[in-house]
Amino acid sequence: MLCAHCLRCGRRSVVGRSSNALLAESEDGKPRLRCDMCGGRNVKLFQAQGPVEMLAFLSGRL
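What you see is a predicted model; the values in this text were computed from it and never measured. As a convention, each chain's residues are numbered from 1 in the sequence order in which they are written. Note on the predicted model: pLDDT of at least 70 is required for a residue's local features to be given, and 80 or more for side-chain atom pairs to be given and counted; whole-chain, interface and lining totals, by contrast, use all residues. The basis for every side-chain value is the complete set of heavy atoms in the structure, and neither hydrogens nor water enter the calculation.

*Asks:* Explain the packing of aromatic side chains here, please?
*Replies:* Here is the rule: rings of Phe, Tyr and Trp (six-membered ring for Trp) pair when centre to centre is within 6.5 Å. Planes less than 30 degrees apart are stacked, more than 60 are edge-to-face, and the remainder are tilted. On inspection of all chains with the given rule, the structure shows one aromatic pair. Between Phe 46 and Phe 57, the ring centres sit 4.8 Å apart and the planes meet at 5°, which makes this aromatic pair stacked. Of the two residues, Phe 46 is situated in strand β3 (residues 43–47) and Phe 57 in helix α1 (residues 51–58); the sequence distance between them amounts to eleven residues. Only protein chains enter the area calculation, which uses a 1.4 Å probe; residues under 20% of their type maximum are buried, those over 50% are exposed, and those in between are partly exposed. With a relative accessible area of 5%, Phe 57 lands in the buried category. In this scheme, Lys NZ or Arg CZ marks a charge over a ring once it lies within 6 Å of the ring centre and within 35 degrees of the ring normal. Stacked on the ring of Phe 57, the Lys or Arg Arg 12 has its end atom at 4.7 Å from the ring centre. Strands are runs of DSSP state E lasting at least 2 residues, helices are runs of H or I lasting at least 4, and numbering of each runs from the N terminus.

*Asks:* Explain the pattern of salt bridges here, please?
*Replies:* Should the charged atoms of two oppositely charged side chains come close, the side chains can pair. The term salt bridge refers to a pairing of a side-chain nitrogen on Lys or Arg with a carboxyl oxygen on Asp or Glu at a separation within 4 Å. Overall, the coordinates contain one salt bridge when judged by the stated rule. In this structure, Arg 11 engages Asp 36 in a salt bridge whose closest nitrogen and oxygen atoms are separated by 3.0 Å. Of this pair, Arg 11 sits in the loop between β1 (2–6) and β2 (12–16) while Asp 36 sits in the loop between β2 and β3, placing them 25 residues apart in sequence. You can call Arg 11 partly exposed: its relative accessible area is 33%.

*Asks:* Would you mind going over a positive patch on the surface with me for this structure?
*Replies:* Each patch is built from residues lacking any salt bridge and having more than 30% relative accessible area; the joining distance is 9 Å for like charges and 5 Å for nonpolar side chains (Val, Leu, Ile, Met, Phe, Trp, Tyr). Computed with the Shrake-Rupley method and a 1.4 Å probe, the accessible areas treat only the protein chains shown as cover for residues. None of His or the chain ends enter the tally, which takes Lys and Arg as positive and Asp and Glu as negative. Throughout, a charge is located at the NZ atom of Lys, the CZ atom of Arg, the CG atom of Asp or the CD atom of Glu. Taken together, the side chains of Arg 8, Arg 32, Arg 34 and Arg 41 make up a positively charged region of the molecular surface. Mapping Arg 41 onto the fold places it in the loop between β2 and β3. For Arg 41, a relative accessible area of 46% corresponds to the partly exposed category.

*Asks:* I keep staring at the sheet that holds β2 and nothing clicks. Help me out?
*Replies:* The pairing criterion for strands is at least two bridges between them, as found by DSSP. An order of β2-β1-β3 is seen for the three strands of this open sheet, with the pairing classed as antiparallel. For this open sheet the edge positions go to β2 and β3, each flanked by a neighbour on one side alone. Within the sheet, the average angular offset between the axes of one strand and its neighbour, ignoring direction, is 30°. Pairing analysis gives five bridges linking β1 to β3, with the strands arranged antiparallel. Only the stretch in contact is used when fitting a helix axis, every axis being a line fitted to C-alpha atoms; angles between N-to-C directions are given from 0 to 180 degrees.

Now the structure itself:
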């Protein structure tokens, strides 16, 4: 599972399954994501290896 953490407002969310089609790429080749709460572009991605790791990330333990 692909997770995201907004460094501006602190929101953590699950983006979806890890897939290249899921993320729209910009001209420089990096994924371009925006936070759905604050609109910030400073979003850090996290690749969870399973549901337990995903829940730990969402609760702020990772």
